[in-house]
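What follows is the residue order along each chain.
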Amino acid sequence: MRVIRFMSVIFALGWTAWSASIPDFVRLAQDRHGAAGESAARFLAEHMTESDRSNLRNEFLLENLDLAFRARKEFPWATQVPEAVYLYDVLPYAVFDEPRDPWRAELLALSRDLVKDAHSASEAAQALNRQLFKLVNVHYNTGRKRPNQSLKESKALGKATCTGLSIILVEACRSVGIPARAVGTPMWTNERGNHTWVEIWDGDWHFTGAAEPDAKGLDRGWFKHDASQALKDVPEHAIYASSFAKTGQNFPLVWARGVQYVSAVNVTERYTPKAQPAET
């Protein structure tokens, strides 16, 4: 009956392009994880793109959901994450418009040992940032194929730039139950270019550069001063956090300016309460 009601809601809202497998996905998630599984599956189904509804298979969606639930039980920091934050920033299988390659099982296997001595999400995220890129053998290089590479693509090349590196770190954090999202600006106010980095949630949002760990901790980086100059109401110079859930705001993808389906939250004010000095 719940699946029938779910389909009634879909048609009432005018969603006509849903894959026929979506109700099965919701039902299977409920069978495996009860009401929490049903809620998680509905969240993914409601917010996934039209292309994902048509092309993703239940096996992909269920593995992603199962492993997100496993991480919540396994890692102590994950049990303390509010339900809404977990749905928005741990459960999703995508960061931007990158290829939908499965990554969660691989990154969980690689990351589990890296975070075993961590006592918080912040410590775990920093451990991943220090060590994971060596394990996957992906390093910063402008010779990458494209900005929005998946983990699989970046590993094949051994290189990625800030966006590809951020995708990997976000996914690694999510694999061990750390809420994470990519953040970026289309253009610094000094016109020096765009940049992408990562935020992780540990009671609040904190930032770090992907593959740019700082020994002094989170909320540090070479770009901190530039970010403090961002302009909230100037789309080109604002700072956006990626969102799997629909927000009514698009993430301005500099590599795919016509793409309108990647959602975002304007987080400029978190970085600009006052100008920050450049770090040395």
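The structure displayed is predicted, hence computed values, not measured ones.

A. How the structure looks around the overall build of the protein. Helices and strands together make up the secondary structure of the protein, namely eleven helices and seven strands. Its C-alpha atoms give the protein a radius of gyration of 19 Å, near enough to 19 Å, the size a compact globule of 280 residues would have. In terms of overall dimensions, the protein has a C-alpha envelope of 60 × 40 × 35 Å along the principal axes. In the protein, which comprises 280 residues, the proportion classed as buried is 54%. For the protein, long-range pairs separated by at least 24 residues make up 64% of all intrachain contacts whose partners lie at least 6 apart in sequence. Approximately 12800 Å² of the protein is accessible, and the part contributed by carbon and sulfur atoms is 51%.

B. Just the nonpolar core, in detail. Core analysis: the largest hydrophobic core is formed by 52 residues, its most contacted members being F75, W77, F96, L128, C173, I178 and I200. Elements that contribute at least two residues to this core include exactly α4 (58-74), α5 (83-89), α6 (104-114), α7 (121-136), α9 (162-175), β3 (180-185) and β4 (195-201). Ignoring anything within four residues of it in the chain, the contact list for L128 reads S111, L114, V115, F133, L169, A172, C173, V176 and I178. Among the nonpolar cores identified, the runner-up in size contains 23 residues, and V26, A40, L56 and A94 belong to it.

C. Examining α7 more closely. The end-to-end C-alpha distance of α7 is 21 Å, a good match for the 22 Å that 16 residues give at a rise of 1.5 Å each. Helix geometry: α7 is bent most strongly at R130, by close to 35°. Among all positions of α7, only A121, S122, A124, A125, Q126, A127, L128, N129, L132, F133 and V136 are buried. Turning to α7, the residues buried within the fold contact α6, β1 (139-140), α8 (151-157), α9, β4 and β5 (205-208).

D. Representation of the packing of α6 against α9. Where α6 meets α9, the axes come as close as 8 Å, and the angle between the chain directions of the two elements is 75°. Accordingly, the angle class assigned to the pair α6 and α9 is roughly perpendicular. For the pair α6 and α9, the contacting residues are R104, L107, L108 and S111 in the first and I168, E171, A172, R174 and S175 in the second.

E. Inspection of empty space enclosed by the protein at higher detail. The final tally for this structure, using the stated rule, is three cavities of 30 Å³ or more. Of the pockets and cavities examined, the largest cavity occupies roughly 70 Å³. Lining of the largest cavity is provided by F60, E63, N64, Y93, D101, P102, W103 and R104. Top contributing element to the lining of the largest cavity by residue count: α4, with three residues. Looking at the lining of the largest cavity, its residues break down into four nonpolar, one polar and three charged. Within this model, the second largest cavity holds a volume of roughly 60 Å³. What lines the second largest cavity is G184, T185, P186, N194, H195, T196, F251, P252, L253, V254 and W255. Those elements giving two or more residues to the lining of the second largest cavity turn out to be β3 and β4.

F. How the structure looks around the packing of aromatic side chains. According to the stated counting rule, one finds 15 aromatic pairs in the structure shown. Aromatic pair Y93 and F244: ring centres 5.2 Å apart, planes at 75°, arrangement edge-to-face. Pair noted here: Y93 is in the loop between α5 and α6 and F244 is in the loop between β6 (240-243) and β7 (263-266), with a separation of 151 residues, a long-range link. Neither residue differs from the other here; Y93 and F244 are each classed as buried.

G. Molecular detail of the packing of α6 against α7. Their axes nearest at 10 Å, the elements α6 and α7 cross at an angle of 130°. On the basis of the axis angle, α6 is oblique to α7. For the crossing formed where α6 meets α7, the hand is right-handed. In this structure, α6 uses L107, L110, S111 and L114 to contact α7, whose residues at the interface are A127, L128, Q131, L132, L135 and V136.

H. Broad picture of the side chain of S263. Tracing the backbone shows S263 in strand β7. Classification of S263 by relative accessible area gives buried; the value is 8%.

I. Representation of the state of the cysteines within the structure. Summed over the entire model, instances satisfying the criterion amount to zero disulfides. Considering cysteine sulfurs only, C173 is the nearest to C162, which forms no disulfide, with 17 Å between them. Looking at C162, the relative accessible area reads 17%, which means it is buried.

J. Fine view of the environment of R27. Relative to the elements of secondary structure, R27 occurs in helix α2 (residues 22-47). Residue class for R27 comes out partly exposed when judged on its relative accessible area of 36%. Separated by 125 residues in the primary sequence, R27 and K152 have C-alpha atoms spaced 30 Å apart.

Reading the values: the criteria
Residues numbered from 1 in each chain as written. Predicted model: local features only at pLDDT ≥ 70, side-chain atom pairs only at ≥ 80, totals over all residues. Heavy atoms only, no water. Helix = DSSP H or I, 4+ residues; strand = E, 2+ residues; numbered from the N terminus. Rg over C-alpha atoms; globule rule 2.2 N^0.38 Å. Buried < 20%, exposed > 50% of the residue type's maximum accessible area, 1.4 Å probe, protein only. Contact = heavy atoms within 4.5 Å. Areas by Shrake-Rupley, 256 points an atom, 1.4 Å probe, with all protein chains shown as cover. Core = buried A, V, L, I, M, F, W, Y, C linked by side-chain atoms within 4.5 Å. Expected span 1.5 Å × (residues − 1). Bend = angle between axes of the 7 residues up to and from the residue. Axes fitted to C-alpha atoms, helices over the stretch in contact; angles between N-to-C directions. Parallel < 35°, antiparallel > 145°, perpendicular 65-115°, else oblique. 1 Å grid on protein atoms, 1.4 Å probe; cavity = no way out; pocket = protein on both sides within 12 Å on 5 of 7 lines; lining within 4 Å. Points joined across faces, edges and corners; volume = space filled by probe spheres on them. Nonpolar A, V, L, I, M, F, W, Y, C, P; charged D, E, K, R; others polar. Phe/Tyr/Trp six-rings, centres within 6.5 Å; stacked < 30°, edge-to-face > 60°. Left-handed = near helix turned anticlockwise from the far one by under 90°. Disulfide = S-S within 2.5 Å.

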